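Structure assessment
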Protein chains: 2
Amino acid sequence: MSIKIKDITIDSIQDAIREQHDEFLLGVINELYAADIAEVMDELNLEEAKYLYTLLEKEEAAEVLMELEDDVRERFLASFSTQEIAHEFIDNLDSDDAADLINELPDTMRGEILAHIEDRQQAQDIADLLIYPTNSAGGLMGKELVKVHASWHVVTCIREMRRQAEEVENVYTVYVVDDDEKLVGMLSLEKLLIASPRDKIETLFDSDVISVKATQKGEEVAQIMNKYDLVVLPVIDELGRLIGRITIDDVVDFIKEEAERDYQLMSGITQDIESTDKIWEITQGRLFWLVVALFGGIIGSRVIANYEDQISINPELAFFMPLIAAMGGNVGIQSSALIVQGLANHTLSGGIFPKLMKELSVGLINGLVCSAILMVYSYFFAPSLALGLTVSVALMTVIIFASVFGSFVPLVLEKMKIDPALATGPFITTSNDIIGLFIYFMIGRLMYGFF
Amino acid sequence: MSIKIKDITIDSIQDAIREQHDEFLLGVINELYAADIAEVMDELNLEEAKYLYTLLEKEEAAEVLMELEDDVRERFLASFSTQEIAHEFIDNLDSDDAADLINELPDTMRGEILAHIEDRQQAQDIADLLIYPTNSAGGLMGKELVKVHASWHVVTCIREMRRQAEEVENVYTVYVVDDDEKLVGMLSLEKLLIASPRDKIETLFDSDVISVKATQKGEEVAQIMNKYDLVVLPVIDELGRLIGRITIDDVVDFIKEEAERDYQLMSGITQDIESTDKIWEITQGRLFWLVVALFGGIIGSRVIANYEDQISINPELAFFMPLIAAMGGNVGIQSSALIVQGLANHTLSGGIFPKLMKELSVGLINGLVCSAILMVYSYFFAPSLALGLTVSVALMTVIIFASVFGSFVPLVLEKMKIDPALATGPFITTSNDIIGLFIYFMIGRLMYGFF
């Protein structure tokens, strides 16, 4: 079956809902996967979405719920009572999704919902997961897994797995624990298929298993799963006991969110916003750095005001101010982006000093090339060679400074345990603008006077 | 076992290699996973790396090879003959990794290597894969998979799987084909474990299987696997026959590379460079946009030169030029980033016009807030209220313009099938600088004269 969402228009679905044409709607639902149904629901109004939702089977309904856009889900859930949320949704979700969902709801509702859950094991699992920060291994993990004891025979193991597997959607790997519930290894399903029923698990399992502690950060989890190409990663507690497992799909989302965050920070956006969000949300996410940049610009204007006399006498000096500011900003962004990316990928090693020296060399080459181009231009077109020379020397200085500064700031932030991605984008451009203008006029005063 | 790389220093490994202390080295290798060994080899020189490599078992050696940094692998392979590459490396790799490896080598070596491969099935599989562009589903897929026929019984199926599974590292899913080798469904290993040996596959399998054609783009594959939370995705040919499968680890790498590319384009870097690359490579990747920005700055200087008389009379107008340019740049980057991200995530729908209207609204609010702040500042500190008013009106105009322009350009590029990410970063800032200065001086001339 292929994905058919394009053949069915939202309009036809809305019509069918209005006319309560359930047969058509059930046909549509049958053709679509949960993620597609969620996309349809994202486009409907609340009443329409609820109507469609009641037609879903419970299992699929839970899946669809998790695939909705965050704000759509929020509005959708707000129209149900805590009891309905517990029975209609939470009971049918995996523990990790259920915990994520409850985490999205207001504090006051959480306890009520947990109390209403009928499956007490599920309620217990969710309560366990709610302890961990969402950005930790514990926050990313689910409790659903298949585990067997090292001392069992294959036949016991398969019998037990049949029981456990009902609750676990994707098995991937069977974990092996010892009598203290400590994780000792894993067993691939292939091995089990090939083994004889009387083999003992301890003779079959692979003790080479990578695990993380529940308290480890999401970034570390993503890095480990990515580095070792893992699809599923077991999570242990401080005593080494197996308490959950993280699947790759949750980590892919995490990696994407991280990348998007860095991208937005670089572009001067403070909150996780999308262009489909409301105008007011978008404005909020963008305003902070604009105001910072505005104050930077005001400080810049004061720097320039100090050289008012010089500008009155040599207005041509003012022509190149935006050029100098822009070049400083561009070079600074490039340098900081490379460092932030290197830090995120853990490919940087060694101290700060050699990195700054390297940046200095890059800045030197780029500065030379750009200054040379500017000199050639000035020779043919500028009002005077003196101006060209002054601007070229200033440009060179600013490029070298911005290269080093753009590398230095994120490296220092990292050392201070502050997210280095904060230093990219408007912060770097604004500081480089101000310092660049200062350098420019200093050099202007020093050199231009001589000619 | 936990990851122990931090306890062993590169120095101690280099010492052991020099002294040919194999026992120690074998101990180290035993403690480390392939990805860790690759990290160690990245740090060694060619001779040292080769020494360590000879101590690895063939299977692990192949895995380590794929985990090396691209440039290290290139240098490493260059020291072997085509025959050695075929026997030592290619024979032990999965077909998709082998094809990727051969794709990295010069054209002239490819045929020779294929000719030297002993396993002719492997040679055939690789040749099949080399047909597809690396950025397509065919380029991402591997030929190793477990497939069974719908007409078989479970017992035949398990027997056949034992044979096939030897070659396949991670089974994940068993694919079901009909007599024409067409993909008709899949069978989870759990279901097989639970089934009776005499059950027929056609009564067990799930016909709801998502697949892609070999010619589909990598971006689409990543989007589908991400959307439907898939770990493995079957690939079919034009006739619907099963020809391979893509695993999530390859797609995670792909998603990461895409995100890094967009990040670098935004920061004005044209090539895929890292801060650990050579100075000359880094310089090359950064110079293009710097030169573009330089020419932008030169054009900007000509715009300003047109208003030289005005600057001589009112040098205070020059104070706010960098502020106007910077604000235009920042707003433009924010707008373009949101659009590029929305396009990449396929969350944008509808025409260009409503999006521009929305950006206009956001620009209006941000412009009002920033202009108001600037007015308050001017009232208390600026040389004259007239200047404050002029700059505020110009700022407002520039912010609104930059908002719309920053959204418009990537949307138009997308329509023209040009990568919209090219429009972020220096291109947007540079154009906004020039147009912003133009707007500023026009408004300055119109308004400032009146006071």
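Residues numbered from 1 in each chain as written. Chains lettered and ligands numbered in written order. Predicted model: local features only at pLDDT ≥ 70, side-chain atom pairs only at ≥ 80, totals over all residues. Heavy atoms only, no water.

Paired through backbone hydrogen bonds, the strands of a sheet run either parallel or antiparallel to each other. All names here are of chain A. Strands sit in the order S4-S5-S6 across an open sheet of 3 strands; the sheet is mixed. The open sheet has two free edges, formed respectively by strand S4 (212–213) and strand S6 (242–247), since each of these has just one partner strand. Here 5 bridges tie strand S5 (residues 232–236) to S6, and the two strands are oriented antiparallel to one another. Bridged to Pro234 within S6 is Arg245. Strands in contact with helix H15 (residues 218–227) are S4, S5 and S6; relative to S5, the strand with the most contacts, it is inclined by about 135°. (Pairing = 2+ DSSP bridges. Helix = DSSP H or I, 4+ residues; strand = E, 2+ residues; numbered from the N terminus. Contact = heavy atoms within 4.5 Å. Axes fitted to C-alpha atoms, helices over the stretch in contact; angles between N-to-C directions.)

Turning our eyes to something else, we now look at the interface of chain A and chain B. In this assembly, 112 residues from chain A lie in contact with 110 residues from chain B. At the boundary of chain A with chain B, total buried surface from both sides reaches about 10,300 Å², with 65% on carbon and sulfur atoms. In this structure, Lys227 of chain A engages Asp36 of chain B in a salt bridge whose closest nitrogen and oxygen atoms are separated by 2.8 Å. Put simply, chain A and chain B have 21 residue pairs in polar contact (both at pLDDT 80 or more) between them. With 17 residues, helix H17 (residues 279–305) of chain A is the largest single contributor of residues to the side of chain A that touches chain B. (Buried area = accessible area lost by both parts, 1.4 Å probe. Salt bridge = Lys/Arg side-chain N within 4 Å of Asp/Glu carboxyl O. Polar contact = N/O pair within 3.5 Å; in protein donor to acceptor, adjacent residues only side chain to side chain.)

Residue and element names in this part refer to chain B. The mixed open sheet is built from 3 strands, whose spatial order is S1-S2-S3. Looking at strand neighbours, the two that pair on one side only are strand S1 (146–149) and strand S3 (183–188), the edges of this open sheet. Here the strands of the sheet are splayed against their neighbours by 35° on average, with no regard to which way each runs. Note that strand S2 (residues 173–177) and S3 share 5 bridges and pair antiparallel. Counterpart to Thr173 in the pairing with S3 is Ser188.

Attention now moves to the domain arrangement of chain A. You can read the domains of chain A as domain 1 (5–140), domain 2 (146–247) and domain 3 (279–448). The C-alpha-based centres of domain 2 of chain A and domain 3 of chain A are spaced at 53 Å. (Domains from an automatic or database assignment.)

Among the nonpolar cores identified, the biggest contains 136 residues, and Ile246 of chain A together with Ile246 of chain B are the most heavily contacted of them. Beyond its immediate chain neighbours, meaning those up to four positions away, Ile246 of chain B contacts Ala137, Leu140, Met141, Val212, Val221, Met225, Val231, Val232, Leu233, Val235 and Val251 of chain B. Grouped together as the second largest cluster of nonpolar side chains are 72 residues, Leu294 and Tyr307 of chain A together with Ile311 and Met447 of chain B included. (Core = buried A, V, L, I, M, F, W, Y, C linked by side-chain atoms within 4.5 Å. Buried < 20%, exposed > 50% of the residue type's maximum accessible area, 1.4 Å probe, protein only.)

Positive phi, close to 50°, is recorded for Asp229 of chain A, a residue that is not glycine. Asp229 of chain A gets classed as partly exposed once you look at its relative accessible area, which sits at 30%.

The two chain copies are related to each other by a rotation about an axis together with a translation along it. When chain A is brought onto chain B, the operation consists of a screw motion whose angular component is 180° and whose axial shift is 0.1 Å, with 0.3 Å RMSD remaining. The symmetry that links the two subunits is that of a two-fold axis. Same-surface contact between copies: 98% of interface residues of chain A are shared with the interface of chain B. (Least-squares fit on C-alpha atoms with pLDDT ≥ 70 in both.)

Following both chains from N to C, one finds helix H21 (residues 352–381) of chain A and helix H17 (residues 279–305) of chain B inclined at 35°, their axes separated by 9 Å at the closest point. The way H21 of chain A lies across H17 of chain B gives a crossing that is right-handed. In the contact of H21 of chain A with H17 of chain B, the residues fall into 17 nonpolar, 4 polar and 4 charged. (Left-handed = near helix turned anticlockwise from the far one by under 90°. Nonpolar A, V, L, I, M, F, W, Y, C, P; charged D, E, K, R; others polar.)

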